[in-house]
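Read off the chains here:
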Amino acid sequence: MILNMTLEISDLKRMASQVRRDILRMVHQSQSGHPGGSLGCTDYLVALYFKIMKHDSSFNMDGIGEDLFFLSNGHISPVFYSVLARSGYFDPSELKTFRKLNSRLQGHPTTHEHLPGVRIASGSLGQGMSVAIGAALAKKMNKDNSLVFSLHGDGELQEGQNWEAAMFAPHNKVDNLISAVDVNGQQIDGPTAKILDLLDIHAKFTAFGWEVIHTNGNVMEDVVSAFEEAKSKTGKGKPIMILMKTEMGKGVDFMEGSHKWHGIAPNDQQLEEALAQLEETYGDY
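Enquirer: Whenever I open this one, the side chain of His 34 confuses me. Can you help?
Expert: Mapped onto the elements of the fold, His 34 is located in the loop between helix H1 (9–30) and helix H2 (35–40). A polar atom in the side chain of His 34 sits 3.5 Å from the backbone oxygen of His 75. Sequence-distant contacts of His 34, that is, excluding residues within four places in its chain, are made with Val 27, His 75, Pro 78, Arg 99, His 108, His 262 and Gly 263.

Enquirer: Whenever I open this one, the environment of Thr 110 confuses me. Can you help?
Expert: One can find Thr 110 in the loop between helix H4 (77–86) and helix H5 (128–141). Separated by 170 residues in the primary sequence, Thr 110 and Glu 280 have C-alpha atoms spaced 29 Å apart. For Thr 110, the residues in contact, after removing those within four places along its chain, are Val 118 and Ala 121.

Enquirer: Hey, could you run me through the pairing of strand S2 (residues 148–153) in this one?
Expert: Residues in a regular strand point their side chains to alternate faces of the sheet. Judged by how many residues are buried, S2 sits mostly within the fold: six of six residues are covered. Burial along S2 is two-sided: Val 148, Ser 150 and His 152 and Phe 149, Leu 151 and Gly 153, pointing in opposite directions, are all buried. Direction of pairing for strand S1 (residues 68–71) relative to S2: parallel, over a ladder of four bridges. Counterpart to Phe 69 in the pairing with S2 is Phe 149. Regarding topology, helix H6 (residues 161–171) serves as the crossover connection from S2 to the parallel strand S3 (residues 177–183), and that connection is right-handed.

Enquirer: Would you take a moment to explain helix H8 (residues 201–208) for this structure?
Expert: For an α-helix the count is 3.6 residues per turn, leaving residues at separations of three or four pointing the same way. Where H8 starts, the residue carrying a side-chain oxygen 3.2 Å from the main-chain nitrogen of His 202 turns out to be Asp 200. One or two positions beyond H8, positive phi appears at Gly 209, with a value near 110 degrees.

Enquirer: Just checking my understanding: could you explain the pattern of salt bridges for this structure?
Expert: Should their charged atoms come close, side chains of opposite charge can pair. Inspection of every chain in the model, using the stated rule, returns ten salt bridges. A salt bridge links Lys 140 to Asp 175; its shortest N-O distance comes to 2.7 Å. Of this pair, Lys 140 sits in helix H5 while Asp 175 sits in the loop between H6 and S3, and the two are 35 residues apart along the sequence. Its salt-bridge partner being Lys 233, residue Glu 211 comes within 3.8 Å of it at the nearest N-O pair. Of this pair, Glu 211 sits in strand S6 (residues 211–216) while Lys 233 sits in the loop between helix H9 (220–232) and strand S7 (240–245), placing them 22 residues apart in sequence. What emerges from the salt-bridge pattern is a single network uniting Arg 21, Glu 280 and Asp 284.

Enquirer: Would you explain the sheet that holds S6 in this entry?
Expert: In sheet architecture, strand pairing relies on hydrogen bonds along the backbone and comes in two forms, parallel and antiparallel. Reading across the sheet, the five strands line up as S1-S2-S3-S7-S6 and stay open at both edges, with parallel pairing between neighbours. Each edge of the open sheet is held by one strand with a lone partner, namely S1 and S6. Taking the axes of each pair of neighbouring strands and ignoring which way they run, one obtains an average angle of 20 degrees across the sheet. Taken together, the six bridges between S2 and S3 define a ladder with parallel strand orientation. The residue bridging His 152 from the neighbouring strand is Val 181, located in S3. Sitting on the sheet, H8 touches S3, S6 and S7, and the angle it makes with S6 is about 155 degrees.

Calculation notes
Residue numbering note: each chain is counted from 1, following its sequence as written. Selection of residues for local features in this predicted model requires a pLDDT of at least 70, selection of side-chain atom pairs for listing and counting requires 80 or more, and totals for whole chains, interfaces and linings are taken over all residues. Note that the side-chain values use all heavy atoms of the structure and ignore hydrogens as well as water. Going along the chain from the N terminus, every DSSP run of H or I of four or more residues is numbered as a helix, and every run of E of two or more is numbered as a strand. Distance and chemistry together define a polar contact, namely a pair of N or O atoms within 3.5 Å, with one atom able to donate a hydrogen and the other to accept it when in protein, and with adjacent residues in sequence counting only for side-chain atoms on both sides. Any two residues whose heavy atoms approach within 4.5 Å at even a single point are treated as in contact. Burial classification: accessible surface area is computed with a 1.4 Å probe over protein chains only, and a residue below 20% of its type maximum counts as buried, one above 50% as exposed, and the rest as partly exposed. Two strands form a pair only when DSSP identifies at least two bridges running between them. The definition of a right-handed crossover adopted here requires that, viewed with the strands pointing away, the path from the first strand over the helix to the second runs clockwise. Salt bridge, as applied in this entry: a Lys or Arg side-chain nitrogen positioned within 4 Å of an Asp or Glu carboxyl oxygen. To get an axis, a line is fitted to the C-alpha atoms, and for a helix only the part in contact is used. The angle between two axes follows their N-to-C directions and goes from 0 to 180 degrees.

Here it is in structure tokens:
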């Protein structure tokens, strides 16, 4: 059954708090994973799956007649897995197997585990936009009016394949695609401005022919508003790009804004301190 959830903003915020708790507990339990970007992108994914996207939690890989989502920066799998579980793709109790041997919840999502909701392997950065464009074109060919969404990291834009895809989409009028970039200014080795400065991302995508929208990715009202604006601009000959300013580690004061939390797990004391800042709203798994 196709789902089109329409939670109110207050409920979306409550869900985001629970998802952030899931992220921290998953990464802590396995002592491995990427909490920083996951926490930063929580509001985006909660808004997408619980309000914006028309999707089917029984999951069919073809996705005919439903909106599709592709996670390109696959290292933020904890937030992706939590949102999939909380929206009914699999039981939240499976989150406790994150990064375990023989688990379907590997560190980077892959398809051979057959985890519902995962459509591509995204361990290698830079490929998600190309896949999303292909899916969007397939929907056009099939006269399927559903939309395709994709999420990317700002550090990921240092991969050249992104720019081939960014050039291809406007030329081919892929106007059923809504992509987003998590602009947190951080990557594993430090600030993006120091590692390889991306300069004016807005100007780049505008020059390539995209419709560009800005939002604060950590204010739920702003995220929902950006999605709604993006949807209103589909079907007009241009792909849509949402540039989403976020804080890495959002929701946990000692994690916020630091690249150091890109890929390390909290210890017992840090977990306790972090969870104390996030309300348990829908029940820990």
